[in-house]
Amino acid sequence: MNRVEYMQQLSHRLKRLPREDYDKAMEYFNEYFDEAGPENEQQAILDLGSPEAAAGAIVMDLAISNTKTPEKNVKRGLKNVWVAILAVMAAPVALPLALVGVILAAVVVFVILILVLCAVIVSAALGITAVAGFFGSIFLLFSSVSDGLVNLGIFLFAIGLSFFVIWGVVILCKWSIDHISRGLAKMIGGKKHDRKK
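Residues numbered from 1 in each chain as written. Predicted model: local features only at pLDDT ≥ 70, side-chain atom pairs only at ≥ 80, totals over all residues. Heavy atoms only, no water.

Caption draft 1: Expanded view of the packing of helix α1 (residues 3–14) against helix α2 (residues 19–36). α2 packs onto α1 with a crossing angle of 165 degrees between their chain directions and a minimal axis gap of 11 Å. Classed by the angle they form, the pair α1 and α2 counts as roughly antiparallel. Crossing of α1 against α2: the hand is right-handed. For the pair α1 and α2, the contacting residues are Arg 3, Tyr 6, Met 7, Leu 10, Ser 11 and Leu 14 in the first and Tyr 22, Ala 25, Met 26, Phe 29, Asn 30, Phe 33 and Asp 34 in the second. Within the contact of α1 with α2, the residues separate by chemical class into nine nonpolar, two polar and two charged. (Axes fitted to C-alpha atoms, helices over the stretch in contact; angles between N-to-C directions. Helix = DSSP H or I, 4+ residues; strand = E, 2+ residues; numbered from the N terminus. Parallel < 35°, antiparallel > 145°, perpendicular 65-115°, else oblique. Left-handed = near helix turned anticlockwise from the far one by under 90°. Contact = heavy atoms within 4.5 Å. Nonpolar A, V, L, I, M, F, W, Y, C, P; charged D, E, K, R; others polar.)

Here you go:
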């Protein structure tokens, strides 16, 4: 590979950058080759690394430098977001996969929390209804004993069922927290934690 081929490949990989950043990057690499001279062209290519790696490094450096100073201009701020997206896409495969893993873990946690919240709401509604019905059944005993006893039995069953649902929610929470923490530990490469019994 010679300088022209290197610069073509680099240009192709950097063309999605904002124009100002693209021009600066291309100018830097052209100056680097100019300073090295034609006789040291191959050494310069070896020093710079592959065009893919060089482009990835430029995009990552831009993304990092853009986060250090807040932009007052909305247009430039949007360009910075675009550079950050390009940096994530240019990162080694492990980083986007880790990002996807974190997002999936967050979604799983969110879904479990929603399920737990729904179970709590159902058990609370069932418990409140059962308690209200229980007291209503006691008053019904004075007008019709058989109807009052049937209603009393139904609402006592509902009270027991609400305690069963609450117990299930507690078990679900413990199981979910344990499995989520183990999954996150595996994902980040940590050791499995042992629960103390």
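Caption draft 2: Expanded view of the side chain of Ser 162. Inspection of the secondary structure puts Ser 162 in helix α7 (residues 145–187). Looking at Ser 162, the relative accessible area reads 5%, which means it is buried. Here Ser 162 is in contact with Ser 123, Leu 126 and Gly 127, once residues within four sequence places are set aside. (Buried < 20%, exposed > 50% of the residue type's maximum accessible area, 1.4 Å probe, protein only.)

Caption draft 3: Region of interest: the pattern of salt bridges. Under the defined criterion, the tally for this structure stands at four salt bridges. In this structure, the salt-bridge partner of Arg 19 is Asp 23, at a minimum N-O distance of 3.9 Å. Of this pair, Arg 19 and Asp 23 both sit in helix α2, separated by four residues, roughly a single helical turn. The class for Arg 19 is exposed, based on a relative accessible area of 58%. With a relative accessible area of 38%, Asp 23 lands in the partly exposed category. One salt bridge in this structure joins Lys 24 and Glu 20, with 3.5 Å as the shortest N-O distance. Of the two residues, Lys 24 and Glu 20 are both situated in helix α2; the distance of four residues between them amounts to about one turn of the helix. By relative accessible area, Glu 20 is classed as partly exposed at 44%. (Salt bridge = Lys/Arg side-chain N within 4 Å of Asp/Glu carboxyl O.)

Caption draft 4: Structural context of helix α3 (residues 41–48). Within α3, the full set of buried residues consists of Glu 41, Ala 44, Ile 45 and Leu 48. Viewed end-on, α3 has its buried residues packed into an arc of 100 degrees, placing them on one side of the element. Where α3 ends, the next residue or the one after it, Gly 49, has phi of about 85 degrees, a positive value. (Arc of directions from axis to C-beta.)

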